[in-house]
Amino acid sequence: MLNVLRVHLPSDIPIVGCELTPYVLLRRPDNTATTEDVPESAPIDRHFLRYNWYRIQSDKKVAICSVHPSEQATLQCLGCIKAKVPVAKSYHCSPKCFSDAWQYHRTLHDRPASAANDNGNEEEEMFGRFNSGSSISSSLSGSASGTSLTNGSTALYPSAVPQKNGSETWFEIGHSKTYTPSADDIGHVLKFECVVVDVETKLPVGYVNTILTSRVIPAPSPSPRHLIPVSGVDVLGHLDSDGRISSSGTFTVLSYNILSDAYAISEAYSYCPSWAFSWPYRRQNLLREIVGYRADIICLQEVQSDHFDEFFSPELEKHGYQALYKRKTNEVYTGNPHTIDGCATFFRGERFTHVKKYEVEFNKAAQSLTEALVPSSQKKTALNRLVKDNVALIVVLEAKFSNQGPDNPGKRQLLCVANTHVNVHHELKDVKLWQVHTLLKGLEKIAASADIPMLVCGDFNSVPGSAPHALLAMGKVDPLHPDLVVDPLGILRPHNKLTHQLPLVSAYSSFARIGVGLGPEQHRRRMDPTTNEPLFTNCTRDFIGTLDYIFYTADSLTVESLLELLDEDNLRKDTALPSPEWSSDHIALFAEFRCKPRPRR
């Protein structure tokens, strides 16, 4: 007979909007084990599995800390009550929690309560909104929206008469294997039941397996990141119905390393709570953040192939994005082909159309290089050093808007977007530089044939001032640069070949050029004065520094505005990512560009 051997949840703490899918191990009648579902429509040996979810509501009310949502609140801010801040934001678990959060928390007292967020009836949105304050908001449809959750065959629960058990009331809230907690579940324990059922009698057979969760918590809300004008007058244009920038001739770009689940090893990020480190939570939090930026073009790195196919591509398609993907070339870190990561580029179909795609496989370039330059006796050693499976995805798009001016009516506005993730190993300085140089030489060929604006986005695993950064930002590398000392294969010689002709400028260096004022000065303090790059875009306990960039061709594009950088105040508790608020160890970079009118030729 069919038997349930084991039932458990990946995380004991359920979060609003994040799917709960229990692990159910079964023994078939032939004594083989399986984790596959056995629905009533496909029974085994005349038996199937029945699932039920319940919300246990106690007569005792429980408040949740607004900063540490896994903790019960012990105090409430009276200033929030006077300022009519959503009540859930007023709770803290301890005086120290309240004191540590005060610099962020006090800004709530000055904000108008405007709209409901995804965690319930609170009126504060998660990322703000593009408005006169120039902050960025989040809106998430589908499974993350408390009003559109579907658990089982219907979205209407409770569907049965509640059961009373002493001081507790049990509401049936779902009858499928997966359940997505809603705002109504906040503060309540959930109960999952799984039992083998006879097809004919519809009666349970054997033991009813039960799991009780911790109390459901709302998804933590990071402090808003504002969009900062850097080019002067009226750069934000006007807002469309979705709150996005719709100024003629401008477009927005997001670049973000989202931290692949395959690399999210708990030992390396032990400071992140297990519930916030789980992929079901992180994927929903990442999606909420990405959608909230409302970028016209999105360049993501470390996107697993299965997560692209099953989650990011279909979910972003709901928001009007078309998707392109390039997976890494070999299975370096795992034998499972579905967990290999790569680069994903998305663009809004209403703003751009896809013209052409180029895929750069550095492995192929490495093989060509060794064939041409490396003696036969060293080929194996050379390939072992150079073949690291990194890739780049280059996409040519045509804009459905134009800023060409009266001299070029009807001229096509093309844009080339490169998205890459350069090799991570610190000791392979020659490989990093060679990969960046190879990418730039490929982009030079495209520029020579098309003469179009270019963006080069990604995680370059290279700090400001390194040789790869110098090559990108300056177009050359000083022959005396210390990084050039590491060149055991001689692939970087002669050093005068390490050049390119693209007029690339780092978008975030624009902060160093904007006028003096309180706002700009705050952002300049988050910049390295020597390199004019952010102080960090990657932030863990072991490393804090800048690895991510958005470069653009300055002869054809201008930076209009930039998403503000994070600092320790934004991160609230400490300077280690990922955290409950931010689900990657990198931060997102976001820039608004305007196409410069091209002279008639």
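Scroll up a little and you will see the structure.
These numbers come from a predicted model, not from an experiment.

### Some remarks on the side chain of Thr540
Inference 1: Here Thr540 lies in the loop between β23 (538-539) and β24 (544-545).
Inference 2: Here the side chain of Thr540 touches Asp542 through a polar contact of 3.2 Å, landing on its backbone nitrogen.

### Thoughts on the sheet that holds strand β2 (residues 23-27)
Inference 1: On the basis of which strands lie adjacent, the open sheet formed by 3 strands has the order β1-β2-β3 and antiparallel pairing. In this open sheet, the two strands that pair with only one neighbour each are β1 (3-8) and β3 (33-34).
Inference 2: Relative to β2, β1 is paired through 5 bridges, and the arrangement is antiparallel. Within β2, the residue paired with Asn3 across the bridge is Arg27.

### So, the pairing of strand β9 (residues 189-198)
Inference 1: Burial analysis of β9 places 10 of its 10 residues in the buried class, which makes it a mostly covered element.
Inference 2: Burial along β9 is two-sided: the face carrying Val189, Lys191, Glu193, Val195 and Val197 and the face carrying Leu190, Phe192, Cys194, Val196 and Asp198 are both buried.
Inference 3: Both strand β4 (residues 47-58) and β9 contribute to a ladder of 10 bridges, which runs antiparallel. Bridged to Tyr54 within β9 is Lys191.
Inference 4: Bridge count between β9 and strand β10 (residues 204-215): 7 bridges; the pairing is antiparallel. Residue pairing in the sheet places Val197 in a bridge with Pro204 of β10.
Inference 5: Between β9 and β10, which pair antiparallel one after the other, the connecting turn spans 5 residues, and Lys202 there sits at a positive phi close to 60°.

### Considerations on helix α7 (residues 379-386)
Inference 1: When we look at burial in α7, the residues that qualify are Lys379, Ala382 and Leu386. Projected down its long axis, α7 carries its buried residues within an arc of 65°, all on one side. Along α7, exposed side chains directed more than 90 degrees from the buried face belong to Lys380, Thr381 and Asn384.
Inference 2: Elements that come into contact with the buried residues of α7 comprise α6 (362-373) and α8 (429-450).

### Looking at helix α4 (residues 279-293)
Residues spaced three or four apart along an α-helix point in a common direction, a consequence of the helix completing one turn every 3.6 residues.
Inference 1: Compared with the 21 Å implied by 1.5 Å per residue over 15 residues, the 21 Å span of α4 between its first and last C-alpha is a close match.
Inference 2: With 14 of 15 residues buried, α4 is to be regarded as a mostly interior element.
Inference 3: Just downstream of α4 lies Arg294, where phi reads positive at about 55°.

### Looking at the pattern of salt bridges
Opposite charge on two side chains permits them to pair, given that their charged atoms come into close proximity.
Inference 1: Evaluation of the coordinates by the stated rule reveals 19 salt bridges.
Inference 2: One salt bridge connects Asp185 with Arg55, and the closest N-O pair in it is separated by 2.6 Å. Of this pair, Asp185 sits in the loop between β8 (168-174) and β9 while Arg55 sits in strand β4, and the two are 130 residues apart along the sequence. In terms of burial, Asp185 and Arg55 fall into one category: buried.

### Some points on the packing of α4 against helix α5 (residues 305-317)
Inference 1: At a minimum axis separation of 11 Å, α4 and α5 run at an interaxial angle of 35°. Relative to α5, the crossing made by α4 is right-handed. In contact with Trp279, Arg283, Gln284, Leu287, Ile290 and Val291 of α4, α5 contributes His307, Phe311, Phe312, Glu315 and Leu316.
Inference 2: Grouping the amino acids of the contact of α4 with α5 by side-chain chemistry returns 7 nonpolar, 2 polar and 2 charged.

### Digging into the packing of α6 against α7
Any two packed helices are characterised by how steeply their axes cross, that is the angle between the axes, and by the distance between the axes.
Inference 1: Orientation of α6 relative to α7, taken along the N-to-C sense of each, is 155°, at an axis distance of 10 Å. The angle between α6 and α7 places the two elements in the roughly antiparallel class. The two elements α6 and α7 cross, and the hand of that crossing is right-handed. Only Lys379, Ala382, Leu383 and Leu386 of α7 make contact with α6, whose side of the interface consists of Ala366, Gln367, Leu369, Thr370 and Glu371.
Inference 2: Grouping the constituent residues of the contact of α6 with α7 by class yields 5 nonpolar, 2 polar and 2 charged.

Calculation criteria
- Residues numbered from 1 in each chain as written.
- Predicted model: local features only at pLDDT ≥ 70, side-chain atom pairs only at ≥ 80, totals over all residues.
- Heavy atoms only, no water.
- Helix = DSSP H or I, 4+ residues; strand = E, 2+ residues; numbered from the N terminus.
- Polar contact = N/O pair within 3.5 Å; in protein donor to acceptor, adjacent residues only side chain to side chain.
- Pairing = 2+ DSSP bridges.
- Buried < 20%, exposed > 50% of the residue type's maximum accessible area, 1.4 Å probe, protein only.
- Arc of directions from axis to C-beta.
- Contact = heavy atoms within 4.5 Å.
- Expected span 1.5 Å × (residues − 1).
- Salt bridge = Lys/Arg side-chain N within 4 Å of Asp/Glu carboxyl O.
- Axes fitted to C-alpha atoms, helices over the stretch in contact; angles between N-to-C directions.
- Left-handed = near helix turned anticlockwise from the far one by under 90°.
- Nonpolar A, V, L, I, M, F, W, Y, C, P; charged D, E, K, R; others polar.
- Parallel < 35°, antiparallel > 145°, perpendicular 65-115°, else oblique.

Everything listed here is a matter of coordinates, which is why it stays silent on function.
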